[in-house]
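Chain residues, written in single-letter form:
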Amino acid sequence: MFELKHHTGQDWVDAVMADFNLFLQDHAAAEKKASGMAMAMLSHYPDKAKLVRAMTDLAIEELIHFKQVLKLLVARDVTLGQDKKDPYITQIRALFRNGTSKFMMDRLLVAAVIEARGYEKFWLVSQALPEGKDKDLYEAIAKSEEKHKNLFVELAYEYCDKEEVDQRLEEILIAEAEICAGLPIRAVLH
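Each value, and the rule that gives it
- Residues numbered from 1 in each chain as written.
- Predicted model: local features only at pLDDT ≥ 70, side-chain atom pairs only at ≥ 80, totals over all residues.
- Heavy atoms only, no water.
- Helix = DSSP H or I, 4+ residues; strand = E, 2+ residues; numbered from the N terminus.
- Rg over C-alpha atoms; globule rule 2.2 N^0.38 Å.
- Buried < 20%, exposed > 50% of the residue type's maximum accessible area, 1.4 Å probe, protein only.
- Contact = heavy atoms within 4.5 Å.
- Areas by Shrake-Rupley, 256 points an atom, 1.4 Å probe, with all protein chains shown as cover.
- Core = buried A, V, L, I, M, F, W, Y, C linked by side-chain atoms within 4.5 Å.
- Phe/Tyr/Trp six-rings, centres within 6.5 Å; stacked < 30°, edge-to-face > 60°.
- Lys NZ or Arg CZ within 6 Å of the ring centre and 35° of its normal.
- Lys, Arg positive; Asp, Glu negative; His and termini not counted.
- Salt bridge = Lys/Arg side-chain N within 4 Å of Asp/Glu carboxyl O.
- Axes fitted to C-alpha atoms, helices over the stretch in contact; angles between N-to-C directions.
- Left-handed = near helix turned anticlockwise from the far one by under 90°.
- Nonpolar A, V, L, I, M, F, W, Y, C, P; charged D, E, K, R; others polar.

Draft legend 1. Quick peek at the overall build of the chain. From N to C terminus, the chain includes 7 helices and 0 strands. Here the chain has a C-alpha radius of gyration of 16 Å; the compact-globule value for 190 residues is 16 Å, and the two agree. When the backbone C-alpha atoms are referred to their principal axes, the chain occupies close to 45 × 30 × 30 Å. Within the chain, the proportion of its 190 residues that are buried is 46%. Sequence-distant contacts in the chain: of pairs separated by 6 or more residues, those separated by 24 or more amount to 80%. Surface exposure of the chain reaches about 9800 Å², of which carbon and sulfur atoms provide 54%.

Draft legend 2. Spotlight on the nonpolar core. Formed by 36 residues in total, the largest nonpolar core has its most connected members in F2, M55, Y88, L108, L109 and V113. Looking at this core, the elements that each hand over two or more residues are α2 (20–44), α3 (49–75), α4 (87–93), α5 (100–128), α6 (133–159) and α7 (162–181). Counting residues per element, this core draws most heavily on α5, at 10 residues. For F2, the residues in contact, after removing those within four places along its chain, are A112, V113, A116, K149, V153, L169 and L173.

Draft legend 3. Region of the structure containing unusual backbone geometry. A positive phi is found at D77, a non-glycine position, where the angle reads about 60°. Following the sequence through the fold, D77 ends up in the loop between α3 and α4.

Draft legend 4. Layout of the packing of aromatic side chains. Overall, the coordinates contain 7 aromatic pairs when judged by the stated rule. Three or more aromatic residues joined by ring pairs form one cluster here, namely W12, F20, F23, F122 and Y138. A cation over an aromatic ring shows up here: K149 above the ring of F2, its NZ or CZ 4.8 Å from the ring centre.

Draft legend 5. Representation of the environment of I64 within the structure. Here I64 is to be found in helix α3. With 44 residues separating them in the primary sequence, I64 and L108 have C-alpha atoms 21 Å apart.

Draft legend 6. Here's a closer look at the side chain of K149. Relative to the helices and strands, K149 resides in helix α6. We note that K149 is buried and unpaired, the nearest opposite charge coming from E3 at a distance of 4.8 Å. Setting aside chain neighbours within four positions, we find K149 in contact with M1, F2, A112, E115 and A116.

Draft legend 7. Region of the structure containing the packing of α2 against α6. Contact geometry of α2 with α6 gives a least axis separation of 14 Å together with a crossing angle of 35°. The two elements α2 and α6 meet at a crossing, and its hand is left-handed. Taken together, the residues of α6 that come into contact with α2 (itself represented by F20, F23, L24, H27, E31 and M37) are Y138, I141, E145 and F152. Class assignment of the residues belonging to the contact of α2 with α6 gives a composition of 7 nonpolar, 1 polar and 2 charged.

Draft legend 8. Structural context of the pattern of salt bridges. Taken as a whole and assessed by the stated rule, the structure comprises 11 salt bridges. Two residues, E158 and K50, come together in a salt bridge whose shortest N-O distance is 3.4 Å. With E158 in helix α6 and K50 in helix α3, this pair connects stretches of sequence that are 108 residues apart. For E158, a relative accessible area of 43% gives the class partly exposed. Taking the shortest distance from any N to any O, the salt bridge between R117 and E176 comes out at 2.8 Å. Of this pair, R117 sits in helix α5 while E176 sits in helix α7, and the two are 59 residues apart along the sequence. Per residue, the accessibility class of R117 equals that of E176, and both read buried. Residues joined by salt bridges that share partners form a network here, namely R97, D106, R168 and E171.

Draft legend 9. View of the environment of K84. Here K84 is to be found in the loop between α3 and α4. K84 gets classed as exposed once you look at its relative accessible area, which sits at 59%. A sequence separation of 78 residues divides K84 from K162, and the C-alpha atoms of the two residues are 35 Å apart.

Here it is, written out as structure tokens:
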């Protein structure tokens, strides 16, 4: 449906592979937050039936991903870790505009871009992992993130003007590329 304007480099993959336990802790936290975001969305827009159904399913799926990553942590005897502020999420959420319909559109489109970034990074991780269950899990999670990316854009089209959605998505993609270019390389998702 759309392509990111900034591509994650091999240096990020190398950092993740060098400290995979830290990456798993951060990934678990991200899945937990994603489930919470979906619940918040359906709570804020209870009159949007298609969105409520989609966010209910998404919240459950993200929680399942959390449980799967938690199993990897437990198998490695690594604690869950503290939730930390994510500079990427903080900066991209600062793009939200005021106004009921603009705010909803921005929430949906920012979520789509975050999911697209997750797809890219989880796919890169899956390709760096050796054959086995961990690789299979990350390939499956990557494919799931790609579907979520498209879901959020489809919801934006459902509730907002398509031309406005396309224009705003382009603006968010440009801003997201600038955000990514300014982030340090660390063994975390964003």
